[in-house]
Amino acid sequence: MKIAVAGAGIIGACTAWAAAKQGHAVTLFEQDSVMAHTSQSSSKLLHGGLRYLETGQFALVKKALHARRFWLAQAPHLCRPLELLFPVYEGRGRPKWQIGIGTKLYDFLAAGSGFPRSRWLSKAETLERSPALLSDGLKGAFSFYDAQMDDFALGRWVVDQCRSLGVNVEERHKIETLAELDGFDRIANATGPWAMALRRQQGGEPAYTIDWVRGSHIFIDREQKQALMLPIPQEKRIFFVLPYQGKTLIGTTEIRQNHPEAERPSETETDYLLAAYNAYHSEKLTAADVSGSFSGVRPLLKSAANPSDATREWAFERIGNVLHIYGGKWTTAQLQGEAALQELLK
Ligand SMILES: Cc1cc2nc3c(=O)[nH]c(=O)nc-3n(C[C@H](O)[C@H](O)[C@H](O)COP(=O)(O)OP(=O)(O)OC[C@H]3O[C@@H](n4cnc5c(N)ncnc54)[C@H](O)[C@@H]3O)c2cc1C
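Residues numbered from 1 in each chain as written. Predicted model: local features only at pLDDT ≥ 70, side-chain atom pairs only at ≥ 80, totals over all residues. Heavy atoms only, no water.

The name an unreviewed UniProt entry gives the protein is FAD-dependent oxidoreductase, with Neisseria dentiae as the organism. In UniProt, the protein has this text filed under Cofactor (unreviewed entry): "FAD". According to its UniProt record, the protein has this under Sequence similarities (unreviewed entry): "Belongs to the FAD-dependent glycerol-3-phosphate dehydrogenase family." (UniProt positions renumbered as here; feature names shortened; annotations may be inferred.)

Structure below.
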């Protein structure tokens, strides 16, 4: 079949890849350059999403835990297993027993994925790995495993796989109207945060709505040895302090927007992330320590009043020969691409 895919973020690239592997004639259209938007602005984690267990997304977490292995096997030069610590403080955040149940459930759902199991580290072991953490009130930490990627490079690698299978990649080619794609047998709308723009051209009430939730990260020009997952003080949210390319990456925020374009991280967001970091470290950071920042817009399925609780699942809507793709995660993009192709070929 002649298949057009609009949008060369990771979801469009994986859809094009799945179609090309089956021998279809695929053109991938991208309004800017490949991986120019959300797919290069993630937290760089190939992860099951420990925190999604709290919202009961067990099937998604299991799928994502196993999807990590795919990327590590396919592109070991662009991703690596990553040990994270979830420190536990007396009287702060979730109690130890609760995180313990979460990490055990994570192990159970990950069974067979080849990652080490979680374990409890004493206070001394925790401070040995992460000496900058506040020692007052520290009980210890849960160690668990996920993986880290260079999202921009890994996404471009997928597009290279597409090209090597004959996919025609057209950058700087915006699909203004679906009518432009009349010559194609099937069309996939994989435009992520922009999905509603093409969907609306078909009329009727869309089956899903996109919830645009901006997430920002900041860089500190100093090497972070140990990856940390920590609760934001007085909130249910968590944030990450990650080693990334010789720097410290801190994120993320969740700010609901009413449009798909990523705005620059605001001063408020930077201050919020610095305050979260400072709540757990003796050496305090200020805005002067921030050497860079970036933000991206999550194209989430609208499903919860609080964006933090919104599902990270994907959904499809098929109208005529067009498949609209909504939501999803980087980690599960390859599975999502395969599933999108199946829907597209029906
Ligand atoms: C802050 C943040 C942190 C995240 N962290 C993680 C994480 O650690 N792990 C994880 O698994 N997931 C994470 N995610 C989620 C993940 O990044 C996204 O789910 C995924 O990147 C979305 O990819 P996409 O292809 O749908 O969107 P995009 O990458 O935005 O791609 C859509 C593309 O479509 C193009 N386009 C739009 N309209 C048109 C048109 N009319 N014609 C042609 N092209 C068009 C755009 O230019 C864009 O390149 C995070 C997301 C954010 C925002």
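### Some words on the site of the ligand
Taken together, the neighbourhood of the ligand is formed by 36 residues, with Glu30, Ser39, Ser43, Leu45 and Thr331 sitting nearest. The separation between an oxygen atom of the ligand and a polar main-chain atom of isoleucine 10 is 3.3 Å. Within the backbone of isoleucine 11, one N or O atom sits 3.1 Å away from an oxygen atom of the ligand. Taken by itself the ligand offers 1000 Å² of open surface, and the protein chains cover 96% of this. Listing elements by their share of the shell around the ligand, those giving two or more residues are helix 1 (10–21), strand 9 (210–220) and strand 14 (290–301). Examining the composition of the shell around the ligand, we find that three residues originate from one element, strand 14, more than from any other. (Near = heavy atom within 4 Å. Polar contact = N/O pair within 3.5 Å; in protein donor to acceptor, adjacent residues only side chain to side chain. Areas by Shrake-Rupley, 256 points an atom, 1.4 Å probe, with all protein chains shown as cover. Helix = DSSP H or I, 4+ residues; strand = E, 2+ residues; numbered from the N terminus.)

### Considering the sheet that holds strand 1 (residues 2–6)
An order of 7-2-1-8-16-15 is seen for the six strands of this open sheet, with the pairing classed as mixed. Strands with a single pairing partner mark the edges of an open sheet, and in this sheet they are strand 7 (168–170) and strand 15 (314–319). For this sheet, the mean angle separating the axes of adjacent strands, direction not counted, is 15 degrees. Taken together, the four bridges between strand 1 and strand 8 (residues 186–189) define a ladder with parallel strand orientation. Each bridged residue has a counterpart across the sheet, and for valine 5 the counterpart in strand 8 is alanine 188. The strands touched by helix 1 within the sheet are strand 1, strand 2 (25–29), strand 8 and strand 16 (322–327), with strand 2 carrying the most contacts at an inclination of about 170 degrees. (Pairing = 2+ DSSP bridges. Axes fitted to C-alpha atoms, helices over the stretch in contact; angles between N-to-C directions. Contact = heavy atoms within 4.5 Å.)

### Things to note about the state of the cysteines
In the structure shown here, the tally under the stated rule is zero disulfides. A disulfide-free cysteine, cysteine 14 has its sulfur positioned 7.6 Å from the sulfur of cysteine 162, the nearest such atom. A relative accessible area of 0% places cysteine 162 in the buried class. (Disulfide = S-S within 2.5 Å. Buried < 20%, exposed > 50% of the residue type's maximum accessible area, 1.4 Å probe, protein only.)

### Observations regarding the domain arrangement of the protein
According to the domain assignment, the protein contains domain 1 (1–44 + 150–209 + 303–346), domain 2 (68–149) and domain 3 (210–301). Centre-to-centre separation of domain 1 and domain 2, based on C-alpha positions: 32 Å. Facing 14 residues of domain 1, the contacting portion of domain 2 comprises ten residues. Summed over both partners, the interface of domain 1 with domain 2 comes to about 1100 Å²; 75% of that surface belongs to carbon and sulfur atoms. Taken as a group, Lys44, Leu154 and Trp157 account for 46% of the area that domain 1 buries against domain 2, more than any other trio of residues on that side. Our enumeration of links across domain 1 and domain 2 arrives at three residue pairs in polar contact (both at pLDDT 80 or more). (Domains from an automatic or database assignment. Buried area = accessible area lost by both parts, 1.4 Å probe.)

### Some points on the pattern of salt bridges
Enumeration over the complete set of coordinates arrives at 19 salt bridges. Between arginine 214 and glutamate 263 there is a salt bridge, and its shortest N-O distance comes to 3.4 Å. Here arginine 214 is found in strand 9, whereas its partner glutamate 263 is found in the loop between strand 13 (255–256) and helix 7 (267–278), with 49 residues between them in sequence. Among the salt bridges present, the one from glutamate 269 reaches arginine 214, with a minimum N-O distance of 2.9 Å. Here arginine 214 lies in strand 9 and glutamate 269 lies in helix 7, a separation of 55 residues in the sequence. Residue classification places glutamate 269 among the buried positions, given a relative accessible area of 3%. Classification of arginine 214 as buried rests on a relative accessible area of 6%. (Salt bridge = Lys/Arg side-chain N within 4 Å of Asp/Glu carboxyl O.)

### Examining the pairing of strand 12 (residues 247–251)
A regular strand carries its side chains on alternate faces of the sheet. With four of five residues buried, strand 12 lies mostly within the body of the structure. Sheet topology places strand 11 (residues 238–244) next to strand 12; five bridges connect them, and they run antiparallel. Each bridged residue has a counterpart across the sheet, and for phenylalanine 240 the counterpart in strand 12 is glycine 251. Between the end of strand 11 and the start of strand 12, which pair antiparallel, lie two residues, with glutamine 245 showing a positive phi angle near 50 degrees.

### Here's the deal with the packing of helix 1 against helix 8 (residues 333–345)
Axis separation between helix 1 and helix 8 bottoms out at 8 Å; the angle between their running directions is 55 degrees. The angle between helix 1 and helix 8 falls in the class oblique. Regarding helix 1 and helix 8, the two cross each other, and that crossing is right-handed. Facing Ile10, Ile11, Cys14, Thr15, Trp17, Ala18, Ala19 and Lys21 of helix 1, the residues of helix 8 in contact are Ala333, Gln334, Gln336, Gly337, Glu338, Ala340 and Leu341. (Parallel < 35°, antiparallel > 145°, perpendicular 65-115°, else oblique. Left-handed = near helix turned anticlockwise from the far one by under 90°.)

### Section: the environment of lysine 139
Within the secondary structure layout, lysine 139 lies in strand 6 (residues 138–149). When its relative accessible area of 36% is taken as the criterion, lysine 139 is described as partly exposed. Sequence spacing of lysine 139 and glutamate 90 is 49 residues, and the spatial spacing of their C-alpha atoms is 6.6 Å. Dropping the residues within four chain positions of it, lysine 139 is found in contact with Val88, Glu90, Trp120, Ser122 and Lys123.

### Details of the nonpolar core
Counting residues in each nonpolar core, the largest one holds 44 residues, and the members touching the most others are Val5, Ile10, Leu46, Trp71, Leu154, Val158 and Ile325. Among the elements that take part in this core, helix 1 stands out by supplying nine residues, more than any other. Residue assignment places this core across two domains, with domain 1 (1–44 + 150–209 + 303–346) and domain 2 (68–149) each supplying three or more. Residues in contact with leucine 46, not counting those within four places in the same chain, are Arg68, Trp71, Cys79, Asp146, Ala147, Met149, Leu154, Trp330 and Thr331. Membership of the second largest hydrophobic core comes to 26 residues, among which are Leu60, Leu84, Ile238 and Tyr244. (Core = buried A, V, L, I, M, F, W, Y, C linked by side-chain atoms within 4.5 Å.)

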